[in-house]
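Next come the chains, spelled out residue by residue.
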Amino acid sequence: MVIVLPYSIAFLFITLLQTLNAESEGWQSAHATFYGGTDASGTMGGACGYGNLYSEGYGTNTAALSTILFNHGLTCGACYEIRCNFHDDPKWCLLSSATITITATNFCPPNYALSNNNGGWCNPPLHHFDLSQPAFSRIAEYHVGIVPILFRR
């Protein structure tokens, strides 16, 4: 006997299983914003010193990392797998299973004038990725500005 579930129930069940398995698979919680424009031209240069990210082979799959993730530049060039946390924000995530891989190329400086939950996204001790806009647009609707994500190295 085959049990057929309505699409919405099956989708929610799969999403729940993915979220429950996230910690056991090395996923950590964070948030993501974006910068640099639709062509990511505003992401060129950066604290890691890579210069023109297009000609250096990084393209638009890049991010500026919060203080704790940047680790005084020790994570420059590190790759991270990122997915929107559909469980925490199903309204703005594009696909619960979609992942992107980005390279750390810049530093997202803290803004101590703003609280950690109202604009101070890169303040310690937060885990935050300021993605290029093209990268952000592959996991979430860009107009929302900030979304919860899961990441792993």
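Residues numbered from 1 in each chain as written. Predicted model: local features only at pLDDT ≥ 70, side-chain atom pairs only at ≥ 80, totals over all residues. Heavy atoms only, no water.

Caption draft 1: Spatial organisation of unusual backbone geometry. In this model, Pro-124 is joined to Pro-125 through a cis peptide bond whose omega is 5°. Here Pro-125 shows up in the loop between β4 (100–107) and β5 (128–132). Phi is positive for Ala-40, which is not a glycine, with a value near 65°. Within the secondary structure layout, Ala-40 lies in the loop between β1 (28–35) and β2 (62–65). Of note, the phi angle at Asn-71 is positive, near 50°, even though the residue is not glycine. Within the secondary structure, Asn-71 sits in the loop between α2 (67–70) and β3 (79–84). (Helix = DSSP H or I, 4+ residues; strand = E, 2+ residues; numbered from the N terminus.)

Caption draft 2: Region of the structure containing the pattern of salt bridges. Going through the model one piece at a time under the given rule, you end up with one salt bridge. Across the salt bridge formed by Arg-152 and Glu-81, the nearest N and O atoms sit 2.8 Å from each other. Of this pair, Arg-152 sits in strand β6 (residues 147–152) while Glu-81 sits in strand β3, placing them 71 residues apart in sequence. The class for Glu-81 is partly exposed, based on a relative accessible area of 22%. (Salt bridge = Lys/Arg side-chain N within 4 Å of Asp/Glu carboxyl O. Buried < 20%, exposed > 50% of the residue type's maximum accessible area, 1.4 Å probe, protein only.)

Caption draft 3: Fine view of the sheet that holds β2. An order of β1-β5-β2-β4-β3-β6 is seen for the six strands of this closed barrel, with the pairing classed as mixed. Here the average twist between neighbouring strands, direction ignored, is 45°. Strand direction decides the pairing type here: β2 and β4, joined by four bridges, are parallel. If you follow Leu-65 over to β4, its bridge partner there is Phe-107. (Pairing = 2+ DSSP bridges. Axes fitted to C-alpha atoms, helices over the stretch in contact; angles between N-to-C directions.)

Caption draft 4: Spotlight on the pairing of β1. Looking at chain direction, β1 and β6 are connected through five bridges and run antiparallel. In the strand pairing of β6, Gln-28 is matched with Phe-151. Where β1 and β5 come together, five bridges link them in parallel fashion. By the bridge assignment for β5, Phe-34 is matched with Leu-131.

Caption draft 5: Structural view of the environment of Ser-132. By the secondary structure assignment, Ser-132 is in strand β5. Residue Ser-132 is classed as buried on the basis of its relative accessible area, which comes to 0%. Along the primary structure Ser-132 and Gly-59 are separated by 73 residues, whereas in three dimensions their C-alpha atoms are 9.8 Å apart. Within the local environment of Ser-132, its side chain forms a polar contact with the backbone oxygen of Thr-60, the two atoms lying 2.4 Å apart. (Polar contact = N/O pair within 3.5 Å; in protein donor to acceptor, adjacent residues only side chain to side chain.)

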